[in-house]
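The chain contents come next:
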Amino acid sequence: MSDVLVAAEGVHKKFCRSLKRSLWYGMRDMGAELLGLCGPPELRKDEFWAVQGVSFELRRGSTLGLIGHNGAGKTTLLRMLNGLIKPDRGRINVRGRMQALIALGAGFNPLLTGRENIYVNAAVLGIPKAEVDRRFDDIVEFSGINDFIDAPVQSYSSGMTVRLGFAVAAHMNPDILLVDEVLAVGDYGFQSKCYNKIGELKHNGTGIILVSHNMHTISTFADRVMLLSKGRSTLFDYVPDGVRAYTNLFAATGMSDDIEKILSGNGSITFYDVQVAKRVLNPADSFSLSMWYEATTDYRDVDIDTLIYSSTDPWLYFQSTNKAYRRTVDLPEGRHRMQVTIKDIPLNNATAKIVVTIWTKNRTEKLFWWRIPVVFRAADYSTGNNFLQVAYEVN
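Residues numbered from 1 in each chain as written. Predicted model: local features only at pLDDT ≥ 70, side-chain atom pairs only at ≥ 80, totals over all residues. Heavy atoms only, no water.

> Mind laying out the overall build of the protein chain, listing which residues take part and the relevant values?
The number of helices and strands found in the protein chain is eight helices and 19 strands. Taken over 395 residues, the protein chain has a buried fraction of 47%. Accessible area for the protein chain stands at about 19,600 Å²; split by element, carbon and sulfur atoms hold 51% of it. (Helix = DSSP H or I, 4+ residues; strand = E, 2+ residues; numbered from the N terminus. Buried < 20%, exposed > 50% of the residue type's maximum accessible area, 1.4 Å probe, protein only. Areas by Shrake-Rupley, 256 points an atom, 1.4 Å probe, with all protein chains shown as cover.)

Here it is in structure tokens:
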């Protein structure tokens, strides 16, 4: 039995910017389809390709991260995979039971209660009532909306709807799970439960397509990444390469401050010959930055800040200053070599920036600043650290 659950070949989908023309084109295309004729090969007035020539395979137990800017075609592709809309060109072959979380409340009847929607959703998938009865308590417990399970879904908040939707999808043992950015609506505790469940489903053989703008999530769960830009796709077998390409999209449009910069000091001190030991690291590796400086006066009690943050997830960062170690760092007059070492960095399968900043006493003047792009390889073990350990040496 093949382990390929989804195979997409040259998938295209077009839309029309004009509502009136869209309705007219739709009627003409339906008529052509009834007559066994092919649709028009080229775009008509006001039409555009939302998805162009997308091809990929999703295998059992694997996770494909689907990334791209807003409007890139991610949700359109998921809707085609789920059978909600048809591709205009190309083929999509699906093997197995599919569950999708594409939009808030997708698949729920707002007039029915949460309890009734669970059974209706299962019936659509062909799951017997007796089987749903056995899973019902687990679904409700996971969703955390026990007190509202017999209330109409239209009375639920967006967070409650997502809770129930994910609980149903995850407990129907799907072969394929499609997850759009809807989990971002849930609170932190529920998101953690969902991601733990995603890991469990993946371990049990479910193929997952995960759409997210959170690159830490993508780096954690995805085995491969597909980047969509203006409807076209690029597949990356090495996840950090895909994440880097995603961030470069924004850099190319002036939407990112992802730059490197060296401040060489003032008239009394100059930094030069700055070198980095390596920029591709393993989790728990140490990072070393060395430089030479030449000063015409002593700089006493300088502050050295080190900061590591994810290139794409603003909430994932680590910071340290030498003051936290209750010691001072002096830069004596003359020509000297300085080294900054960050030990046992707690990052796994991620792209990041390491920032080193040197301030004069009491932070009255910034002498040096450099932001260095780095990549941390993936590893199946925990780094075991949550704080930065930094060492400074001047000689």
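> Break down helix H1 (residues 19-34) for me, with residues and values.
For H1, which comprises 16 residues, the first-to-last C-alpha distance of 23 Å matches the rise-based estimate of 22 Å (1.5 Å per residue) to within 8%. Positive backbone phi, approximately 75 degrees, marks Gly-36, located one or two places after H1. (Expected span 1.5 Å × (residues − 1).)

> Let's hear about the environment of His-336: which residues, and what values?
The topology assignment puts His-336 in strand S16 (residues 334-343). Along the backbone, His-336 and Met-291 are 45 residues apart, and their C-alpha atoms lie at a distance of 8.6 Å. Ignoring anything within four residues of it in the chain, the contact list for His-336 reads Met-291, Trp-292, Tyr-293, Val-394 and Asn-395. A distance of 2.9 Å separates a polar side-chain atom of His-336 from the backbone oxygen of Glu-333. (Contact = heavy atoms within 4.5 Å. Polar contact = N/O pair within 3.5 Å; in protein donor to acceptor, adjacent residues only side chain to side chain.)

> Would you mind going over the pattern of salt bridges in detail, with residue names and values included?
Scanning the model with the defined rule gives 18 salt bridges in all. Taking the shortest distance from any N to any O, the salt bridge between Arg-44 and Glu-47 comes out at 3.0 Å. Exposure class is identical for Arg-44 and Glu-47. Each is buried. When the shortest N-O distance is used, the salt bridge between Arg-135 and Glu-131 registers 1.9 Å. A residue pair is termed a helical-turn pair when its members lie 3 or 4 positions apart in one helix, as Arg-135 and Glu-131 do in helix H4 (residues 129-143) at four residues. Of the two residues, Arg-135 and Glu-131, neither departs from the other in class, the shared state being buried. In the salt-bridge network here, residues are joined through shared partners; they are Asp-3, Glu-57 and Arg-59. (Salt bridge = Lys/Arg side-chain N within 4 Å of Asp/Glu carboxyl O.)

> I'd like to hear about the sheet that holds strand S1 (residues 4-16), residue by residue, with values.
Taken in spatial order, the three strands make up an open sheet running S2-S1-S4, and their pairing is antiparallel. The sheet is open, and its two borders are formed by strand S2 (47-59) and strand S4 (89-94), each paired with just one other strand. On average, each strand axis in the sheet is tilted by 20 degrees relative to the strand beside it, whichever way the strands run. Where S1 meets S4, five bridges bridge the pair, whose relative direction is antiparallel. By the bridge assignment for S4, Val-6 is matched with Val-94. Lying on the sheet, helix H2 (residues 74-81) is in contact with S1, S2 and S4; it crosses S2 at an angle near 60 degrees. (Pairing = 2+ DSSP bridges. Axes fitted to C-alpha atoms, helices over the stretch in contact; angles between N-to-C directions.)

> I'd love a proper account of the pairing of strand S18 (residues 366-376), names of residues and values included.
The element S18 is extensively covered by neighbouring structure, given that nine of its 11 residues are classed as buried. From the end of strand S17 (residues 350-359) to the start of S18, which pair antiparallel, there are six residues, and Asn-362 there has a positive phi angle of about 65 degrees.

> Could you give an account of the packing of aromatic side chains, naming the residues involved and the relevant values?
Across all of its chains, the model carries five aromatic pairs by this definition. Geometrically, the ring pair formed by Phe-15 and Phe-48 is tilted, given 6.4 Å between the ring centres and 50 degrees between the ring planes. With Phe-15 in strand S1 and Phe-48 in strand S2, this residue pair connects regions lying 33 residues apart in the sequence. Measuring from ring centre to ring centre gives 6.0 Å for Phe-271 and Tyr-293, while their planes differ by 50 degrees; the resulting arrangement is tilted. Placement of the pair is Phe-271 in strand S10 (residues 269-276) and Tyr-293 in strand S12 (residues 287-295), with a sequence separation of 22 residues. Each member of the pair, Phe-271 together with Tyr-293, is buried. Members of the aromatic cluster, connected to one another through ring pairs, are Phe-271, Tyr-293 and Phe-368. Stacked on the ring of Tyr-25, the Lys or Arg Arg-44 has its end atom at 4.2 Å from the ring centre. For Arg-335, the ring lying beneath its charged end belongs to Trp-292, and the centroid distance is 4.2 Å. (Phe/Tyr/Trp six-rings, centres within 6.5 Å; stacked < 30°, edge-to-face > 60°. Lys NZ or Arg CZ within 6 Å of the ring centre and 35° of its normal.)

> Can you lay out the sheet that holds strand S6 (residues 176-179) for me, pointing to particular residues and giving the numbers?
Ordered in space as S5-S6-S7-S3-S8-S9, the six strands form an open sheet in which the pairing is mixed. A single partner strand is all that each edge strand has here, and the edge strands are strand S5 (98-101) and strand S9 (232-236). Between one strand axis and the next, the sheet turns by 15 degrees as a mean value, whatever way the strands run. Pairing geometry for S5 and S6, over four bridges, is parallel. For Met-98, the partnering residue across the bridge sits in S6 and is Ile-176. In the packing of helix H5 (residues 158-171) onto the sheet, the strands contacted are S5 and S6, and the crossing angle to S5 comes to about 165 degrees.

> Can you lay out the packing of helix H3 (residues 114-124) against H4 for me, pointing to particular residues and giving the numbers?
Relative orientation of the contacting elements H3 and H4 amounts to 135 degrees, with a least axis distance of 11 Å. Between H3 and H4, the angle is such that the two are oblique. Crossing geometry of H3 relative to H4 is assigned as right-handed. On the side of H3, the interface is formed by Arg-115, Ile-118, Tyr-119 and Ala-122, while H4 contributes Lys-129, Val-132, Asp-133, Phe-136, Ile-139 and Val-140. Among the residues forming the contact of H3 with H4, the class breakdown is seven nonpolar, no polar and three charged. (Parallel < 35°, antiparallel > 145°, perpendicular 65-115°, else oblique. Left-handed = near helix turned anticlockwise from the far one by under 90°. Nonpolar A, V, L, I, M, F, W, Y, C, P; charged D, E, K, R; others polar.)

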